[in-house]
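Observations on the model geometry
Spelled out from the first residue to the last, the chains are:
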Amino acid sequence: MFNKRTKIKALLTGSHTGQIVTAMGWVRSFRNNQFIALNDGSTNHNIQVVAELGLLDDATLKRITTGASLKVEGTLIESLGKGQTVEIKATSVEILGDSDAEQYPLQPKKHSLEFLREIAHLRFRTNTFSAVFRIRHALAFAVHQFFNEKGFVYLHTPIITSSDAEGAGEMFRVTTLPVDGSAPKTENGDIDFSQDFFGKSTNLTVSGQLEGELGAMAFSEIYTFGPTFRAENSNTTRHLAEFWMIEPEMAFCDIEDNQNLAEEFIQYLIKYAMENCADDLAFLDQRLAEEEKQKPTNERQEFGLIEKLKFVTDSKFERITYTEAIAILLDSPAYKKKKFKYDVSWGIDMQSEHERYLVEKHFKKPVIVTGYPAAIKAFYMRLNDGCEPGKQTVAAMDILAPGIGEIVGGSQREERLDKLVARMEEMHIPTHEMSWYLDTRRFGTVPHAGFGLGFERMVQFVTGMGNIRDVIAFARTPKNCEF
Ligand code: 4AD
Ligand code: MG
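Overview of the structure. (Residues numbered from 1 in each chain as written. Chains lettered and ligands numbered in written order. Predicted model: local features only at pLDDT ≥ 70, side-chain atom pairs only at ≥ 80, totals over all residues. Heavy atoms only, no water.)

1. Structural notes on the overall build of the protein chain
Of regular secondary structure, the protein chain possesses 14 helices and 16 strands. Counting all 483 residues of the protein chain, 50% fall into the buried class. Put simply, 68% of the contacts in the protein chain that link residues at least 6 apart link residues at least 24 apart. Working note: accessible area of the protein chain is about 24,000 Å², and carbon and sulfur atoms make up 52% of it. Separation between the mean location of the 55 positive side-chain charges and that of the 67 negative ones in the protein chain comes to 6 Å. (Helix = DSSP H or I, 4+ residues; strand = E, 2+ residues; numbered from the N terminus. Buried < 20%, exposed > 50% of the residue type's maximum accessible area, 1.4 Å probe, protein only. Contact = heavy atoms within 4.5 Å. Areas by Shrake-Rupley, 256 points an atom, 1.4 Å probe, with all protein chains shown as cover. Lys, Arg positive; Asp, Glu negative; His and termini not counted. Charge placed at Lys NZ, Arg CZ, Asp CG, Glu CD.)

Right, dumping it as structure tokens:
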């Protein structure tokens, strides 16, 4: 058996001290022809391997270079040196894979995040990215744990669909028809998708919600957690063309229950990371603090990373209506001094500068905004009763987070068949193609609600990473699909 080893994280706990151990990993650094810092990705801390002079011949020593992979055997002993409590006194060092020092792009020094994005296939081997991706893993695990504890059913909704859940039309087409102009045409010259693989026009899903609602109408409570795709041409630090979304959907649930669940969920995820990734968070906290020091004082963030996370788990989110949010913006010094690029009035789709003002300047904590104008929201959101004429709102909710902006979007759904159909017709959504969706309102409809949490934005919030491209393994953004 080859893989009889102990992970470095376990070795560093010290519980194996005095034993003969085997470790495997990649060389982070090698000094004085004697001290190897070895890392296997189980923790950011390296184990020091001491190869006493004379143990290895010159040819082997030359091959111990940064990035090379090793199998090390020896005794785990208490370390006399600074910086580690235990180390391996090697009895054998086997080189599993060489790494040409001249060519290996990762040197034991600080590289910029931009440079590391270009070598995303190797960046997992850096302290920053291994911390980020271990935290991402922990958060994904916590998502399942949270919903499993509550008895939600994990529903795998399809990736390829023929509907546009958000009605926004920003979709990637899926087709097997030729793209060289020879695709079959209909009588009026359009491409004839009836001859396509699925016999109709299809796309990658933008959201699993509509299918999620079908599940909720049987299991009461479901969630999805999968990739979603949006062909929006937004080159920002918050947008990906392929991102992961968690979408719970609950029957017998209104907009207030929905807000309560979303707040509890976000706080649960943060607490889980704080309890299970303390080491990695401490590293990122330190990293961010150093980054902040480079900035002018007036641009520095008020809180450190861990401080911020603790604050968010300890305080209740602010809850306001869209109408109140607009009033706050109109009354703000920023508005009065014409600091906003985009104008403010009731009915606007708030821009990120407005959202950031609300959370970062005004409330200084996460804010849940409800009751958005119907005109700027999706067809499935429940119309609020008793609105002023010309100011029809829907039971929508967005959660805005400091430094991130919108992290959650959700709503109570329109469960009244007549109102839903009328809204769909108004918005030119073909009801005959959505008859499966309308069936839930025909047969035992109930008040229900749900939301979508953007997983990468959540990982950004917890890790403090400024660019969304740095919290997903291989980012897909406009004009960029490497690896
Ligand atoms: O607000 P959105 O568009 O809502 C929906 O898709 C609903 N169907 C959710 C539901 O009610 N079940 O997207 C939800 C969240 C946003 O709040 C944001 O966090 C994230 O998904 N998101 C993106 N994340 C990264 N890149 C993008 N291009 C994103 N677009 C949305
Ligand atoms: Mg949204």
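Resuming the write-up.
2. A short note on the sheet that holds strand β7 (residues 160–161)
Across the sheet, three strands lie side by side as β7-β9-β8; this open sheet has antiparallel pairing. Pairing within the sheet leaves two strands with one partner each, and these edge strands are β7 and β8 (173–174). Direction of pairing for β8 relative to strand β9 (residues 202–204): antiparallel, over a ladder of two bridges. From the neighbouring strand, Arg173 faces β9, where its bridge partner is Asn203. (Pairing = 2+ DSSP bridges.)

3. Topic: the environment of Asp57
Residue placement: Asp57 occurs in the loop between β3 (47–50) and α2 (58–63). Between the C-alpha atom of Asp57 and that of Ile368, which follows or precedes it by 311 residues, the distance is 65 Å. In terms of polar contacts, Asp57 uses its side chain to reach the side chain of Thr60, at 2.6 Å. (Polar contact = N/O pair within 3.5 Å; in protein donor to acceptor, adjacent residues only side chain to side chain.)

4. So, the packing of aromatic side chains
Throughout the structure, instances matching the rule amount to 23 aromatic pairs. For the ring pair Phe141 and Tyr272, a centre distance of 6.3 Å and an interplane angle of 40 degrees mean the geometry is tilted. One end of the pair, Phe141, is in helix α4 (residues 127–149); the other, Tyr272, is in helix α6 (residues 255–276), with 131 residues separating them in the sequence. Phe141 gets classed as partly exposed once you look at its relative accessible area, which sits at 45%. A relative accessible area of 13% means that Tyr272 is categorised as buried. With a centroid separation of 4.6 Å and an interplanar angle of 20 degrees, the aromatic rings of Phe147 and Tyr223 are classed as stacked. Pair noted here: Phe147 is in helix α4 and Tyr223 is in strand β10 (residues 221–229), with a separation of 76 residues, a long-range link. For the pair Phe147 and Tyr223, a shared accessibility class is recorded, and that class is buried. Here the aromatic residues Phe146, Phe147, Phe152, Tyr154, Tyr223, Phe265, Tyr268 and Phe451 are joined through ring pairs into a cluster of three or more. Across from the ring centre of Phe461, 4.0 Å away, lies the NZ or CZ of Lys308, which sits over that ring. (Phe/Tyr/Trp six-rings, centres within 6.5 Å; stacked < 30°, edge-to-face > 60°. Lys NZ or Arg CZ within 6 Å of the ring centre and 35° of its normal.)

5. Overview of the packing of helix α9 (residues 322–330) against helix α11 (residues 352–363)
Between α9 and α11, whose axes approach to 11 Å, the crossing angle comes to 75 degrees. With respect to each other, α9 and α11 are oriented roughly perpendicular. Between α9 and α11, the contacting residues are Ala325, Ile328 and Leu329 on the first element and His354, Tyr357, Leu358, His362 and Phe363 on the second. Classifying every residue of the contact of α9 with α11 gives six nonpolar, two polar and no charged. (Axes fitted to C-alpha atoms, helices over the stretch in contact; angles between N-to-C directions. Parallel < 35°, antiparallel > 145°, perpendicular 65-115°, else oblique. Nonpolar A, V, L, I, M, F, W, Y, C, P; charged D, E, K, R; others polar.)

6. What about helix α13 (residues 435–442)?
Helical periodicity: at 3.6 residues per turn, an α-helix aligns residues three or four positions apart in one direction. Within the sequence span of α13, burial applies to Tyr437, Leu438, Thr440 and Arg441. Projected onto a plane normal to the axis of α13, the buried residues spread over an arc of 140 degrees and lie on a single side. In this fold, the buried residues of α13 make contact with α5 (209–219), α12 (417–426) and β16 (448–454). Note on α13: the residue one or two positions beyond its end, Gly444, has a positive phi of about 75 degrees. (Arc of directions from axis to C-beta.)

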